[in-house]
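In case you want the letters, here they are:
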Amino acid sequence: MTISAASVQPAASHYVNGKYVDDPDGTPMQSLCSVTGMVIAELNAASASLIDECVVAARQAQESWAALTGTERGRILRKAADLIRERNRELSILETRDTGKPLQETLCADALSGADCLEYFGGIAATVGGETVQQGESFFYTRREPLGVCVGIGAWNYPFQIACWKAAPALACGNAMIFKPSEVTPLSALKLAEIFKEAGLPDGVFNVLQGAAATGSTLVKHPGVAKVSITGSVATGKKVATGAAETLKPVTLELGGKSPLIVFADADMDQAVAGAMLGNFYSSGQVCSNGTRVFVQRAVLEEFLQKLQPRCAAILLGNPLDEKTQMGPLVSAPQRDKVLAYIEIGKKEGARLVCGGDRAVVAGCEQGNFIQPTVFADVTDDMTIAREEIFGPVMSVLTFDTVEEVIERANNTEFGLAAGVFTSDLTTAHGVIAKLKAGTCWINTYNITPVEMPFGGMKHSGMGRENSQHAIEHYSQIKSVYVEMGKLESPY
Ligand code: NDP
């Protein structure tokens with residue numbers, strides 16, 4: 001498939017109260033194709049007055065949405081899931097153009113993951129409720145109530161999926177949502193709004209506002225907003241938590257990581273290599289939970305590298321719209337330059353380059369932000385590439401000797417998003433996982449995130465959990481009601 005010069009210009013920049021709207025007062029912004037650098041959409045950021053208007057509409061819509069039964073709400077979410085699956089190819093092509101991720105990936109991991117999430121929360125919407133506890137003849141019961149208007153703020157690496165991961169539990173609980181995509185990837189959330197409308201979602205329950213950090217910040221501080229859920233960097237997460245504290249809003253923070261992926265000498269080495277590649281090169285390495293610190297036990301280090309190097313060198317870079325392409329460009333020129341700068345730091349600080357280490361030029365996509373899949377060995381804990389999140393196709397291989405040592409070094413980071421262990425010994429696997437300070441862990445695989453499994457980070461990687469029944473706790477609040485069945489006991 002060739003890269004079409006055709007614009008994917010949406011009808012307007014924002015989706016408010018069931019309609020596409022533009023904001024004449026909004027600052028102009030553009031969406032660029034990650035492969036060609038061409039402008040594919042001209043938009044405007046939401047001004048303060050449009051934000052106010054959207055919050056008012058969402059608040060009004062939320063009350064009648066919450067008054068529906070969970071079964072009624074769930075039916076609409078499940079219908080939206082069906083529509084996403086029907087339109088998967090169209091949504092995947094749009095996501096590929098906006099992000100540069102290969103169609104091979106977007107076809108199976110982005111919109112479809114969003115559909116699974118809507119189906120799951122559509123399925124459990126009717127079960128969201130409280131409990132009854134007897135106290136002698138009397139009793140109390142709890143009601144699980146929605147919070148009101150929730151704001152979702154997305155990163156650029158999984159724009160459609162992130163919108164679904166936030167909207168599905170929020171809407172299942174009877175909240176309304178205003179979603180602000182990353183300014184780098186603004187398009188697919190508007191498609192989600194269209195799909196919700198077609199599925200029968202009442203106007204105003206799901207809204208999309210475009211803009212950069214200032215728009216996000218205004219939404220976070222807005223007194224009409226009840227909750228914020230953001231996927232982004234640690235620095236942004238801290239600003240959001242601070243901004244939300246002014247009005248004591250609860251926050252869900254899905255932030256960055258520098259996760260350990262530990263390969264013990266008894267591991268199936270082909271599986272460990274496959275896991276390390278999956279956990280470093282998928283989406284050109286732009287995945288928050290990637291296992292970018294690969295700790296390999298000394299006895300198998302050279303075997304691991306010998307198996308890894310040719311497989312990395314064989315990764316097929318190309319036009320991301322070609323379904324054979326395994327790795328596309330990075331999302332933007334600034335992100336490419338940031339990653340290249342880290343590669344240079346790795347070389348200067350003395351890491352051994354095993355593979356890649358430079359820009360890649362792809363015929364027919366000369367303007368694309370491609371970087372070769374890069375592997376450094378002999379990386380030590382103090383090196384910059386072992387400490388900071390790079391968010392690109394750069395794997396750092398470190399060596400260890402003992403179990404105690406690797407646990408201590410794996411935990412020696414401010415991040416705590418994810419971790420992986422490759423071993424054939426179950427005692428080692430579960431024992432090590434129990435001691436790792438990471439919110440989402442895998443044994444003999446990596447980066448598998450079914451909607452039924454909670455996902456989120458510890459330490460500076462965030463707070464709260466997305467997906468699974470636990471997400472319901474973050475989009476609802478408990479009201480306790482005590483019912484006296486006997487005579488009121490009172491000293492007065
Ligand atoms: P950023 O933190 O730069 O931005 C995330 C979102 O927050 C964007 O929509 C951004 O707007 C917005 N934003 C920025 N500043 C503020 C602010 N002060 N108040 C409110 N909103 C704000 O992250 P990236 O988009 O660069 O995404 C990459 C990061 O996301 C990586 O650190 C990655 O690890 C993390 N991530 C975490 C995931 C997780 O689930 N834990 C999953 C995916 C990514 P804009 O960009 O439009 O200016």
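What counts, and at which threshold
Residues numbered from 1 in each chain as written. Predicted model: local features only at pLDDT ≥ 70, side-chain atom pairs only at ≥ 80, totals over all residues. Heavy atoms only, no water. Helix = DSSP H or I, 4+ residues; strand = E, 2+ residues; numbered from the N terminus. Rg over C-alpha atoms; globule rule 2.2 N^0.38 Å. Buried < 20%, exposed > 50% of the residue type's maximum accessible area, 1.4 Å probe, protein only. Contact = heavy atoms within 4.5 Å. Areas by Shrake-Rupley, 256 points an atom, 1.4 Å probe, with all protein chains shown as cover. Lys, Arg positive; Asp, Glu negative; His and termini not counted. Charge placed at Lys NZ, Arg CZ, Asp CG, Glu CD. Polar contact = N/O pair within 3.5 Å; in protein donor to acceptor, adjacent residues only side chain to side chain. Core = buried A, V, L, I, M, F, W, Y, C linked by side-chain atoms within 4.5 Å. Near = heavy atom within 4 Å. Nonpolar A, V, L, I, M, F, W, Y, C, P; charged D, E, K, R; others polar. Pairing = 2+ DSSP bridges. Axes fitted to C-alpha atoms, helices over the stretch in contact; angles between N-to-C directions. Disulfide = S-S within 2.5 Å. Expected span 1.5 Å × (residues − 1). Salt bridge = Lys/Arg side-chain N within 4 Å of Asp/Glu carboxyl O.

**Looking at the overall build of the protein chain**
- A count of helices and strands for the protein chain gives 16 helices and 20 strands.
- The C-alpha atoms of the protein chain give a radius of gyration of 24 Å, which matches the 23 Å a tight globule of 492 residues would have.
- With the C-alpha coordinates aligned to their principal axes, the bounding extent of the protein chain is approximately 75 × 60 × 40 Å.
- The proportion of buried residues among the 492 residues of the protein chain is 58%.
- Partitioning the intrachain contacts of the protein chain with sequence separation of at least 6 by distance along the chain shows that 73% fall at a separation of at least 24.
- Counting every atom, the protein chain has about 19400 Å² of accessible surface; 53% of that belongs to carbon and sulfur.
- Across the protein chain, the mean location of the 42 positive side-chain charges is 2 Å away from that of the 54 negative side-chain charges.

**Regarding the side chain of S31**
- Within the secondary structure layout, S31 lies in strand β3 (residues 28–32).
- In this structure S31 comes out as buried when scored by relative accessible area, which is 0%.
- Engagement of the side chain of S31 in a polar contact is seen with the side chain of D98, the distance being 2.7 Å.
- If we skip the residues at most four places from it in the chain, S31 touches M38, V39, I40, A41, D98, V184, P186 and L187.

**A word on the nonpolar core**
- Counting residues in hydrophobic clusters, the biggest one holds 85 residues, and the most contacted among them are I84, L118, F121, F196, F206, F304 and V397.
- Sorting elements by how many residues they give to this core places helix α6 (residues 159–172) first, with 10 residues.
- Apart from the residues lying within four places of it in its own chain, the contact partners of I84 are L91, A111, A115, L118, F160, C164, L192 and I195.
- Counting residues in each nonpolar core, the second largest holds 28 residues, with I262, V339, I371 and L436 among its members.

**Structural notes on the environment of G256**
- You can see G256 is positioned in the loop between β11 (251–254) and β12 (260–263).
- Distance from G256 to V234, taken between C-alpha atoms, is 5.7 Å for residues 22 residues apart in sequence.

**Comments concerning the environment of L340**
- Summarising the element assignment, L340 is placed in helix α12 (residues 333–348).
- Sequence separation between L340 and V394 is 54 residues, and the spatial gap between their C-alpha atoms is 9.5 Å.
- Leaving out residues up to four positions away in the same chain, L340 has contacts with D358, R359 and I371.

**Comments concerning the site of the ligand**
- With respect to spatial proximity, 29 residues lie near the ligand, and among them G154, E183, T236, L255 and E389 are the closest.
- Between the ligand and L255, the relevant distance is 2.7 Å, taken from a nitrogen atom to a main-chain nitrogen or oxygen of the residue.
- With the chains in place, 87% of the 900 Å² that the ligand exposes on its own is no longer accessible.
- Elements with a contribution of two residues or more to the shell around the ligand: α8 (213–221), β10 (227–231) and α9 (234–245).
- Here the shell around the ligand is composed, by residue class, of 13 nonpolar, 11 polar and 5 charged.

**Some points on the sheet that holds strand β6 (residues 138–146)**
- Taken in spatial order, the 3 strands of this open sheet run β5-β6-β20, and their pairing is antiparallel. Each having just a single partner strand, β5 (132–135) and β20 (476–483) make up the two edges of the open sheet. Neighbour to neighbour, the strand axes of the sheet diverge by 20° on average, direction disregarded.
- Bridge count between β5 and β6: 4 bridges; the pairing is antiparallel. Pairing of Q135 across the sheet is with S138, part of β6.

**Notes on the state of the cysteines**
- Taken as a whole, this structure holds 0 disulfides when the rule is applied.
- With no disulfide of its own, C150 lies closest to C173 among cysteine sulfurs, the gap being 8.4 Å.

**A look at unusual backbone geometry**
- For D378, which is not a glycine, the phi torsion comes out positive at approximately 55°.
- On the secondary structure map, D378 appears in the loop between β15 (374–377) and α13 (384–387).
- Judged by relative accessible area, D378 falls into the partly exposed class, the value being 36%.

**Observations concerning helix α2 (residues 70–86)**
- Spanning 17 residues, α2 covers 24 Å between terminal C-alpha atoms, matching the ideal 24 Å at 1.5 Å per step.
- Within α2, the full set of buried residues consists of G70, R73, G74, I76, L77, A80, A81, L83 and I84.
- Buried residues along α2 sit against α1 (48–67), α3 (88–99), α5 (111–124), α6 and α7 (188–199).

**Concerning the side chain of D23**
- Among the secondary structure elements, D23 is positioned in the loop between β2 (19–21) and β3.
- Buried and unpaired, D23 has K180 as its nearest opposite-charge partner, separated by 14 Å.
- The contact partners of D23, leaving out residues within four places of it in the chain, are H14, N44, A45, A46, S47 and L50.

By themselves these figures say nothing about function.
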